[in-house]
Amino acid sequence: MPSLSVVRAFNAAFTPAYIPVAIFVGGTSGIGQGMAEAFARHTKGNAHIVLVGRNRAAAEAILATFPKPTAPGVTHEFVACDVTLMKNVRRVAGELRARLPTVNFLVLTPGVLTMNGRNETEEGIDRKLAVHYYGRWRFIRDLLPALEAAHAAGQDAKVMSVLAAGHGGAIDLDDLGLKQTFSLANAAAAAPTYMDIAVNDFGARHPQISFVHSYPGLVRSGALKASDSRFMKAANVLVPLLTPFSYSVEQAGEHQLYALLKAGAGPVRTDDKGDDIGLTKAYYGSAEAMARLWTHTEDATA
Ligand SMILES: *[C@@H]1O[C@H](CO)[C@@H](O)[C@H](O)[C@H]1NC(C)=O
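It should be emphasised that the depicted structure is a prediction, and the values quoted were computed from it without experimental measurement. (Residues numbered from 1 in each chain as written. Predicted model: local features only at pLDDT ≥ 70, side-chain atom pairs only at ≥ 80, totals over all residues. Heavy atoms only, no water.)

Peer 1: A description of the overall build of the chain should follow, citing residues and the corresponding values.
Peer 2: Scanning the chain from terminus to terminus reveals eleven helices and seven strands. Against the 2.2 N^0.38 benchmark of 19 Å for 302 residues, the chain shows a C-alpha radius of gyration of 18 Å, consistent with a compact globule. Taking the principal axes of its C-alpha atoms as reference, the chain extends roughly 55 × 45 × 35 Å. Counting only residues that meet the buried cut, the chain has 55% of its 302 residues in that class. Partitioning the contacts of the chain with sequence separation of at least 6, the portion at a separation of at least 24 is 77%. On the chain, the mean spot of the 29 positive side-chain charges and the mean spot of the 27 negative ones are 5 Å from each other. (Helix = DSSP H or I, 4+ residues; strand = E, 2+ residues; numbered from the N terminus. Rg over C-alpha atoms; globule rule 2.2 N^0.38 Å. Buried < 20%, exposed > 50% of the residue type's maximum accessible area, 1.4 Å probe, protein only. Contact = heavy atoms within 4.5 Å. Lys, Arg positive; Asp, Glu negative; His and termini not counted. Charge placed at Lys NZ, Arg CZ, Asp CG, Glu CD.)

The structure is reproduced here in structure tokens:
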């Protein structure tokens, strides 16, 4: 249970001998923003940082606060992408892949807080599952060659999906994607379990790369206020009461960055402090689930 000061010191000690390339999908708000800001701070701006999201104005305001790079040719940039559509994810990942020979850190945090039922995109995927699982999975899959290239160059090669490691539930292998049995409870159980299985599977296929699935805890991220649910919007007034039990975006950014920088190769699951929780606790996967989910996800995101 490292304290915030220990975590900050650990992150500050990250001084790579190369200029890192870090992509934050969902880095325009909440935990992703906190992580991107922490990363910019600790690298003193000397990192190629890409914020991927929908909100250009938010991204530009965040980028403007980053320390200005002193190393030549280093940029901080925004790339627009609505992650609910796989065609967007594939296009943006392809564009990034084409111009970034190496990627050292790929962080995925996009989220939606909704109490509505299944809401399909034109591609037939539920929007909540699209941003929490399918879109993230496709970004990882399509950027793997650039992560492999970073590893081959002797650099860090790490992926992190911030969702709810260890907080999933049992899944129905005959209804992956929840087309028949969608409910908020089933969706809340499925996405973390899919992600747990995905980090195990990616880790088995690419054992030199770190694949972290984390649980961020309660973060005062503004997600309640931004929710499409009137109940959740109303609940936002309670947020100050939760302050002692929750993290600010800045605190969560440090703890989650710590988990990322500390992670060894292969699959890793971490908690809100950034500590490793192992791969077996509250794990609802199996060899069969892994094989079927991979095929399902390839099809669904293709
Ligand atoms: C489905 O999602 C779209 C896009 O976010 C939104 O405009 C629409 O209101 C949602 N529909 C329902 C029934 O929640």
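Peer 1: Got a sec to walk through the site of the ligand? Specific residues and values, please.
Peer 2: If you check the shell around the ligand, you find Asn116, Asn119 and Arg127 and nothing else. One nitrogen or oxygen atom from the side chain of Asn119 is found 2.4 Å from an oxygen atom belonging to the ligand. Relative to its free-state accessible area of 360 Å², the ligand is covered by the protein chains to the extent of 34%. (Near = heavy atom within 4 Å. Polar contact = N/O pair within 3.5 Å; in protein donor to acceptor, adjacent residues only side chain to side chain. Areas by Shrake-Rupley, 256 points an atom, 1.4 Å probe, with all protein chains shown as cover.)

Peer 1: Tell me about the sheet that holds strand β2 (residues 48-53), and name the residues and values.
Peer 2: Strands sit in the order β3-β2-β1-β4-β5-β6-β7 across an open sheet of seven strands; the sheet is parallel. Strands with a single pairing partner mark the edges of an open sheet, and in this sheet they are β3 (76-80) and β7 (266-270). Direction aside, the axes of adjacent strands within the sheet are offset by 15° on average. Relative to β7, strand β6 (residues 210-214) runs parallel, the two sharing five bridges. Bridge assignment links Ser214 to a residue of β7, and that residue is Thr270. Against the sheet, helix α2 (residues 30-42) touches β1 (21-25), β2, β4 (105-108) and β5 (158-162), its axis set at about 165° to β1. Relative to the sheet, helix α3 (residues 56-65) contacts β2 and β3, its axis offset from that of β3 by approximately 170°. (Pairing = 2+ DSSP bridges. Axes fitted to C-alpha atoms, helices over the stretch in contact; angles between N-to-C directions.)

Peer 1: If you had to explain the pairing of β6 to someone new, which residues and values would you point to?
Peer 2: Burial runs high along β6: five of the five residues are buried. Residues of β6 alternate between two faces, with Ser210, Val212 and Ser214 on one and Phe211 and His213 on the opposite face, all of them buried. In terms of strand pairing, β5 meets β6 through five bridges, oriented parallel. Across the sheet, Val159 pairs through a bridge with Phe211, a residue of β6. You can see the chain leave β5, run along helix α6 (residues 184-205) and come back into β6, and the turn it takes is right-handed. (Right-handed = clockwise from strand over helix to strand, strands pointing away.)

Peer 1: Describe helix α10 (residues 249-262), and please don't skip the residues or the numbers.
Peer 2: End to end, α10 covers 20 Å across 14 residues, agreeing with the expected 20 Å (1.5 Å per residue, within 8%). In terms of burial, α10 is a largely internal element, eleven of the 14 residues being buried. Where α10 is concerned, the buried positions are Val249, Ala252, Gly253, Glu254, His255, Gln256, Leu257, Tyr258, Ala259, Leu260 and Leu261. Residues of α10 that are buried sit in contact with α1 (4-12), α2, β4, β5, β6 and β7. (Expected span 1.5 Å × (residues − 1).)

Peer 1: Got a sec to walk through unusual backbone geometry? Specific residues and values, please.
Peer 2: In this structure, Lys44 takes a positive phi of about 55° despite not being glycine. In this structure Lys44 comes out as exposed when scored by relative accessible area, which is 57%. At Ala282, a residue that is not glycine, the phi angle is positive and equals roughly 45°. Take Ala282: it is sitting in the loop between β7 and α11 (287-301). Taking relative accessible area as the criterion, Ala282 reaches 29% and is therefore assigned partly exposed.

Peer 1: Outline the packing of aromatic side chains, listing residues and values.
Peer 2: A full pass over the atoms with the stated rule returns eleven aromatic pairs. A centroid spacing of 4.9 Å and a plane angle of 70° characterise the contact between Tyr133 and Tyr134, whose relative ring orientation is edge-to-face. Here the two residues Tyr133 and Tyr134 agree in accessibility, since each one is buried. Aromatic side chains Phe202 and Trp294 sit 5.3 Å apart centroid to centroid with 70° between the ring planes, which places their arrangement in the edge-to-face category. You can see Phe202 sitting in helix α6 and its partner Trp294 sitting in helix α11, a full 92 residues away along the chain. Grouping residues by exposure puts Phe202 and Trp294 together as buried. An aromatic cluster of at least three residues, connected via ring pairs, comprises Phe14, Phe24, Phe39 and Phe105. Over the ring of Trp294 we find Arg205, and its NZ or CZ is 3.4 Å from the ring centre. (Phe/Tyr/Trp six-rings, centres within 6.5 Å; stacked < 30°, edge-to-face > 60°. Lys NZ or Arg CZ within 6 Å of the ring centre and 35° of its normal.)

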